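Architecture and fold: a report
The primary structure of each chain is shown beneath.
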Amino acid sequence: MFGIIKETGVDDEGLKAFHDDYFPYPLYRDVNSVFYKAMGNRSLFSCISYNPFKLWRDLKAMSQRTTDKNIEGNMVGAGLITGGLILYSSSGEPLHVYNEETGTPFDLDELRTILESAKSSSLSSPPVEEL
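All figures in this text were calculated on a predicted structure; none of them were measured in a lab. (Residues numbered from 1 in each chain as written. Predicted model: local features only at pLDDT ≥ 70, side-chain atom pairs only at ≥ 80, totals over all residues. Heavy atoms only, no water.)

Attention now goes to the overall build of the protein. For the protein, the count of helices and strands is 4 helices and 4 strands. Counting helices and strands in the order they occur from the N terminus, the protein gives β-α-β-α-α-β-β-α. For the protein, with 131 residues in total, the buried portion stands at 12%. In the protein, the share of contacts with a sequence separation of at least 24, taken over all contacts with a separation of at least 6, comes to 57%. (Helix = DSSP H or I, 4+ residues; strand = E, 2+ residues; numbered from the N terminus. Buried < 20%, exposed > 50% of the residue type's maximum accessible area, 1.4 Å probe, protein only. Contact = heavy atoms within 4.5 Å.)

Here it is, written out as structure tokens:
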């Protein structure tokens, strides 16, 4: 497992805190935004509701989830760009792409299903060609 980040030199202290407290895996900087472009170069505004009541409800729910999980954030850097998750096979083939939807928790059951499927397919087909 590794992470791709879009910037350094903006909030390196926050990046270090993220790495130390929430994601203790290798981080790589996407210098040319290749991964972000491949995921659609999406912005927070692309998934925000224009219904003020739904927007308020979603922001309140997101705030409660981060409070419940003791997650702290800040308003430094290019935080309006959304990311996501790309799952790769051991041979480097992309298996699944999940685009982040700000305020929506990641579906862990879906992730488990995808990982189990990838695990069983890798067991049934060897990573080498028969000669």
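The end-to-end C-alpha separation of helix 3 (residues 52-68) is 24 Å, in line with the 24 Å expected for 17 residues at 1.5 Å each. A positive phi of about 60° marks Asn70, the residue just after helix 3. (Expected span 1.5 Å × (residues − 1).)

On to the environment of His96, then. You can see His96 is positioned in strand 4 (residues 94-99). Taking relative accessible area as the criterion, His96 reaches 21% and is therefore assigned partly exposed. Taking the C-alpha atoms as reference points, His96 and Ala118, separated by 22 residues in sequence, lie 9.6 Å from one another. Ignoring any residue separated from it by four or fewer positions in sequence, one finds His96 in contact with Leu85, Ile86, Leu87, Glu110 and Ile114.

Moving on, we come to the packing of aromatic side chains. Taken as a whole and assessed by the stated rule, the structure comprises 4 aromatic pairs. Measuring from centroid to centroid gives 5.8 Å for Phe2 and Tyr28, while their planes differ by 80°, and the two rings are edge-to-face. In this pair, Phe2 is assigned in the segment before strand 1 (3-5) and Tyr28 in strand 2 (residues 27-29), connecting sequence segments 26 residues apart. Ring centres of Phe23 and Tyr25 lie 5.0 Å apart, and the angle between their planes is 70°; on these two criteria the pair is classed as edge-to-face. Clustering of aromatic rings is evident, with ring pairs tying together Phe18, Phe23 and Tyr25. (Phe/Tyr/Trp six-rings, centres within 6.5 Å; stacked < 30°, edge-to-face > 60°.)

Right, let's talk about a nonpolar patch on the surface for a bit. On the surface, a nonpolar cluster with roughly 320 Å² of combined accessible area is contributed by Phe2, Tyr28 and Tyr88. Residue classification places Tyr28 among the partly exposed residues on the basis of a relative accessible area of 47%. (Patch = residues over 30% accessible without salt bridge, like charges linked within 9 Å, V, L, I, M, F, W, Y side chains within 5 Å. Areas by Shrake-Rupley, 256 points an atom, 1.4 Å probe, with all protein chains shown as cover. Salt bridge = Lys/Arg side-chain N within 4 Å of Asp/Glu carboxyl O.)

Turning our attention to the side chain of Asp30. For Asp30, the location among the structural elements is in the loop between strand 2 and helix 2 (34-38). One buried charge, Asp30, has no salt-bridge partner; the nearest side chain with opposite charge is Lys37, at 7.9 Å. Of note is the side chain of Asp30, whose polar atom sits 2.7 Å from the backbone nitrogen of Phe35. When sequence neighbours within four positions are dropped, the list of residues in contact with Asp30 reads Ile4, Ile5, Lys6, Phe35 and Tyr36. (Lys, Arg positive; Asp, Glu negative; His and termini not counted. Polar contact = N/O pair within 3.5 Å; in protein donor to acceptor, adjacent residues only side chain to side chain.)

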